[in-house]
Structures are given as C-alpha cells and as structure tokens.
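Remarks on the overall topology
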Amino acid sequence: MRPFEEAVASELAGLLRAGVPTRGVHITVREMVVMRIERGPLGAREVSDAVEAAVRAACRVVRELDAPDELAEIVCRSALEAVRGHGGETARWLTEATSAAYAVLDQLALERPEDPTWRWLARRVQRQ
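Okay, so let's go over this structure.

Each value, and the rule that gives it
Residues numbered from 1 in each chain as written. Predicted model: local features only at pLDDT ≥ 70, side-chain atom pairs only at ≥ 80, totals over all residues. Heavy atoms only, no water. Helix = DSSP H or I, 4+ residues; strand = E, 2+ residues; numbered from the N terminus. Rg over C-alpha atoms; globule rule 2.2 N^0.38 Å. Buried < 20%, exposed > 50% of the residue type's maximum accessible area, 1.4 Å probe, protein only. Areas by Shrake-Rupley, 256 points an atom, 1.4 Å probe, with all protein chains shown as cover. Contact = heavy atoms within 4.5 Å. Polar contact = N/O pair within 3.5 Å; in protein donor to acceptor, adjacent residues only side chain to side chain. Disulfide = S-S within 2.5 Å. Axes fitted to C-alpha atoms, helices over the stretch in contact; angles between N-to-C directions. Parallel < 35°, antiparallel > 145°, perpendicular 65-115°, else oblique. Left-handed = near helix turned anticlockwise from the far one by under 90°. Nonpolar A, V, L, I, M, F, W, Y, C, P; charged D, E, K, R; others polar.

1. A closer look at the overall build of the protein chain
Looking only at helices and strands, the protein chain features seven helices and zero strands. Along the chain direction, N to C, the helices and strands of the protein chain fall in the order α-α-α-α-α-α-α. The C-alpha atoms of the protein chain give a radius of gyration of 13 Å, which matches the 14 Å a tight globule of 128 residues would have. When the backbone C-alpha atoms are referred to their principal axes, the protein chain occupies close to 40 × 30 × 25 Å. Counting across all 128 residues of the protein chain, residues that qualify as buried make up 45%. Put simply, the protein chain shows about 6700 Å² of open surface, and 51% of that area lies on carbon and sulfur atoms.

Take a look at the structure:
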C-alpha cells in the first residue's frame, strides 16, 4: 500500500469514528487530493495515482470497517471534483483520473460479484 492511500484510509477511519457528516468527508478528501496533486511534478500519472489511491482507500475502509458503501461514492466524487476543480494543467487529466477510479471499482466488482453495488458505482463513474 502506498503512503497516500494509507493516509486517506486512516483519515477516513477517523472521520467515520468521529461521526463526521458526509459534507465533512467530502471536503476532507477533496483537500487531501488537491494537496497531493500540488506536492509533486504534475502529470497524468500523478493525478491518476492520487485519485486511484483515494478510491482504493475508501473501498478498503468500506470492507474492513463495514462502513456504508456510499463512502466509496463520496470519496470517488470528491477526488474527481478535486481534479476538475484544480483547473489548468490538472483538469486536462480528468479523463485519466476517471478511468483510474473506474478501474479500482471495477476490480472490486469482480472480486465481489455477489454485491451489485460495486458494479453499479463503477458504471456511474464511467459515465462521468
């Protein structure tokens, strides 16, 4: 697991334990992704990696802490909003970032075919 993924998972677990409302989770994830994007050399790979790590962390928290499935959707939307809202150079890699989020959700759907939620969420992300 990568450090950013671990940081997001840890933050999400803390937010869940504290009972932070959806809006707080949304803002926190968006800000974490923006800060991650701003730290290093900016390219499609770095942007996609940040989104992928955030979504992977959310999926892990959902599975490990039995958190609501909606957490993955909130994190996915927040991460993609961070890319879209960052503007300039970053926004042009929104398609790659969306593909990275879809890939994580699609993989989880393949691992859990009995749970249609993941397939549904992956399709929603793909259409964005």
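2. Focus on the environment of alanine 72
Relative to the helices and strands, alanine 72 is located in helix H4 (residues 70-86). Given a relative accessible area of 0%, alanine 72 falls into the buried group. Excluding residues that lie within four positions of it along the chain, alanine 72 makes contacts with Ala58, Cys59, Val62, Trp118 and Leu121.

3. Focus: the side chain of glutamate 52
Relative to the elements of secondary structure, glutamate 52 occurs in helix H3 (residues 44-65). We classify glutamate 52 as buried; its relative accessible area is 17%. In this structure the side chain of glutamate 52 is engaged in a polar contact, spanning 2.8 Å, whose partner is the side chain of arginine 56. For glutamate 52, the contacting residues outside a window of four places in its chain are Arg2, Ala100 and Val104.

4. Some details on unusual backbone geometry
Phi at aspartate 66 takes a positive value of approximately 55°, unusual for a residue other than glycine. Position of aspartate 66 among the secondary structure elements: in the loop between H3 and H4. Its relative accessible area of 69% is what places aspartate 66 among the exposed residues.

5. Points about the state of the cysteines
All told, the structure shown has zero disulfides when counted by the stated rule. Looking at the unpaired cysteine 59, the closest cysteine sulfur is the one in cysteine 76, lying at 8.3 Å. Judged by its relative accessible area of 1%, cysteine 76 falls in the buried class.

6. So, the packing of helix H2 (residues 22-39) against H4
A pair of packed helices is captured by two measures, namely the crossing angle of their axes and the spacing between those axes. At a minimum axis separation of 8 Å, H2 and H4 run at an interaxial angle of 45°. Judged by the angle between their axes, H2 and H4 are oblique. In the packing of H2 onto H4, the handedness of the crossing is right-handed. Taken together, the residues of H4 that come into contact with H2 (itself represented by Thr22, Val25, His26, Val29, Arg30, Val33, Val34, Ile37 and Glu38) are Leu71, Ile74, Val75, Ser78, Ala79, Glu81, Ala82, Val83 and His86. Split into classes, the residues belonging to the contact of H2 with H4 amount to eleven nonpolar, four polar and three charged.

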